Amino acid sequence: YSDVLGSDACTPCPSNSSTLDIGSPRATLCLCPPGFTGPDNTPCSPCPLGTYKPTWGAASCQACPLRRTTPRAGAVNASECVCFEGSVEVFVAGRNTSEGVSCPSSNMTGNGTSEANGTNCSEANGT
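Since the model is a prediction, treat every value here as computed from it, not as a measurement.

Conventions and cut-offs
- Residues numbered from 1 in each chain as written.
- Predicted model: local features only at pLDDT ≥ 70, side-chain atom pairs only at ≥ 80, totals over all residues.
- Heavy atoms only, no water.
- Helix = DSSP H or I, 4+ residues; strand = E, 2+ residues; numbered from the N terminus.
- Contact = heavy atoms within 4.5 Å.
- Areas by Shrake-Rupley, 256 points an atom, 1.4 Å probe, with all protein chains shown as cover.
- pLDDT = per-residue confidence, 0-100.
- Disulfide = S-S within 2.5 Å.
- Buried < 20%, exposed > 50% of the residue type's maximum accessible area, 1.4 Å probe, protein only.
- Salt bridge = Lys/Arg side-chain N within 4 Å of Asp/Glu carboxyl O.

Let's shift gears to the overall build of the chain. Counting its secondary structure elements, the chain contains one helix and eight strands. Scanning the chain from its N terminus toward the C terminus, one meets helices and strands in the order β-β-β-β-β-β-β-β-α. Expressed as a percentage of contacts within the chain between residues at least 6 apart in sequence, the contacts between residues at least 24 apart total 30%. Only carbon and sulfur atoms are counted for the fraction: they give 55% of the accessible area of the chain, which is about 7,300 Å².

See the structure below:
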């Protein structure tokens, strides 16, 4: 951003933040990008595991659906949420949605882990 009228010199935004336009006129336009959170014009932190944030700005990170997490910090979309180890996706007809549920022991591998182990929930049952 450049808050000095007529100056070509720009001041960098705080860590992990940016302006949406080149040459923005004020520090308050330094925003957290998707996958990061924090107040405007402050260093931004990545969304922790199990959360995501799809928008620019100071919004909070949103939690993944039940029994799901993200494989890394800084996720930007709910599609990055994967089933916990030992869970698979099951469609819930009454709510017209799906959710991760614990695998029955018959779906566990010999070492006690799920066959869905870390795969995207929608890939775990072929939907």
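So, on to the confidence of the model for the chain. Considering every residue of the chain, the mean pLDDT works out to 76; 67% of them sit at 70 or more. Under a pLDDT of 50 for its full length, residues 103–127 has, in the predicted model, 38 contacts with residues more than four places off or in other chains.

Let us now look at the state of the cysteines. Under the counting rule described, the total for this entry stands at four disulfides. Covalent S-S linkage joins Cys13 and Cys30, the inter-sulfur distance amounting to 2.1 Å. Across the disulfide from Cys13 to Cys30, rotation about the S-S bond amounts to roughly -75°, and the bridge is consequently left-handed. Of this pair, Cys13 sits in the segment before strand 1 (36–37) while Cys30 sits in the segment before strand 1, and the two are 17 residues apart along the sequence. With respect to class, Cys13 is no different from Cys30; both count as buried. Covalently, Cys32 is tied to Cys44 through a disulfide, its sulfur atoms 2.0 Å apart. Across the disulfide from Cys32 to Cys44, rotation about the S-S bond amounts to roughly -90°, and the bridge is consequently left-handed. Taken as a pair, Cys32 in the segment before strand 1 and Cys44 in the loop between strand 1 and strand 2 (45–46) lie far apart in primary sequence, 12 residues in all.

Time to look at the pattern of salt bridges. Tallied over the full model, the rule gives one salt bridge. In this structure, the salt-bridge partner of Arg72 is Glu80, at a minimum N-O distance of 2.7 Å.

This next bit is on unusual backbone geometry. Non-glycine residue Asn16 carries a positive phi angle of around 60°. When you line up the elements, Asn16 lands in the segment before strand 1. A residue is classified by how much of its surface remains accessible, and Asn16, at 39% relative accessible area, is partly exposed. Notably, Asn41 is not glycine yet its phi reads approximately 60°, a positive angle. By secondary structure assignment, the location of Asn41 is in the loop between strand 1 and strand 2. By relative accessible area, which is 30% here, Asn41 ends up partly exposed.

Let us look at the environment of Tyr52. Within the secondary structure, Tyr52 is located in strand 3 (residues 51–52). Considering only alpha carbons, one finds Tyr52 and Glu80, 28 residues apart in sequence, at a separation of 8.0 Å. Aside from chain neighbours lying at most four places away, what touches Tyr52 is Cys47, Cys61, Gln62, Ala63, Cys64, Ala75, Val76, Asn77, Ala78 and Cys81.

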